[in-house]
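If you want the building blocks of each chain, they are given just below.
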Amino acid sequence: MVSAGKIRSWGVSNFDVDDLAEMLAVAGSGRIACNQVLYHLRQRAIEHAVIPWCEQHGVAVVAYSPFGHNDFPKAGSKPGQVLQAIAEAHGASARQVALSFLTRDPLVLAIPKAASETHAEDNAAAGMLTLNSSEN
């Protein structure tokens, strides 16, 4: 498709390191644009191998469901209290803190769901938030 001029680039979804290495061997260096993977505060396994592999090979990581699946930390829970304290220190929302944390690596971007214009604006404002080293 790239050779035919029909697309500029392409990516993969839910590839682990073995799958990525196999695809790299077939496609060649610089061909895989991104790997779209599940990544949220309660699902961070990709930090150990997938993200480092992608960094080494220049493959963007696209995090889907960055707020989880109805399991975002509740305000009264210990994780929710930590998020809220960080959010208050920055004048931000807990979801903005989560997005900022998940996208702290320049190669990682998130595609959060937004059910309204207000949600979209709140998500976008996370890009202006910089967490300090103790919050990362």
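Our structure is the block above this text.
Residues numbered from 1 in each chain as written. Predicted model: local features only at pLDDT ≥ 70, side-chain atom pairs only at ≥ 80, totals over all residues. Heavy atoms only, no water.

Trainee: What is the right way to read the overall build of the protein from this model?
Mentor: Across its full length, the protein carries 5 helices and 4 strands. Starting at the N terminus and ending at the C terminus, the protein contains elements arranged as β-α-β-α-β-α-α-β-α. By principal-axis analysis of the C-alpha atoms, the protein measures approximately 50 × 30 × 25 Å. In the protein, which comprises 136 residues, the proportion classed as buried is 31%. (Helix = DSSP H or I, 4+ residues; strand = E, 2+ residues; numbered from the N terminus. Buried < 20%, exposed > 50% of the residue type's maximum accessible area, 1.4 Å probe, protein only.)

Trainee: Looking at this model, I keep getting lost on the environment of Ala92. Mind explaining?
Mentor: Note on placement: Ala92 falls in the loop between helix 3 (78-90) and helix 4 (94-102). Look at Ala92 and you get buried, because its relative accessible area is 19%. Put simply, Ala92 and Met128 are 36 residues apart on the chain and 9.9 Å apart in space, counted from C-alpha to C-alpha. If near-sequence neighbours (up to four positions away) are discounted, Ala92 is found in contact with Ala87 and Leu129. (Contact = heavy atoms within 4.5 Å.)

Trainee: Is there a simple way to explain the packing of aromatic side chains in this structure?
Mentor: Each pair of aromatic rings is reported with the distance of its centres and the angle of its planes. Across all of its chains, the model carries 1 aromatic pair by this definition. With a centroid separation of 5.7 Å and 90° between ring planes, the pair formed by Phe67 and Phe72 is classed as edge-to-face. In terms of burial, Phe67 and Phe72 fall into one category: buried. Above the plane of the ring of Phe72 lies Arg95, whose end atom (NZ or CZ) is 4.5 Å from the centre. (Phe/Tyr/Trp six-rings, centres within 6.5 Å; stacked < 30°, edge-to-face > 60°. Lys NZ or Arg CZ within 6 Å of the ring centre and 35° of its normal.)

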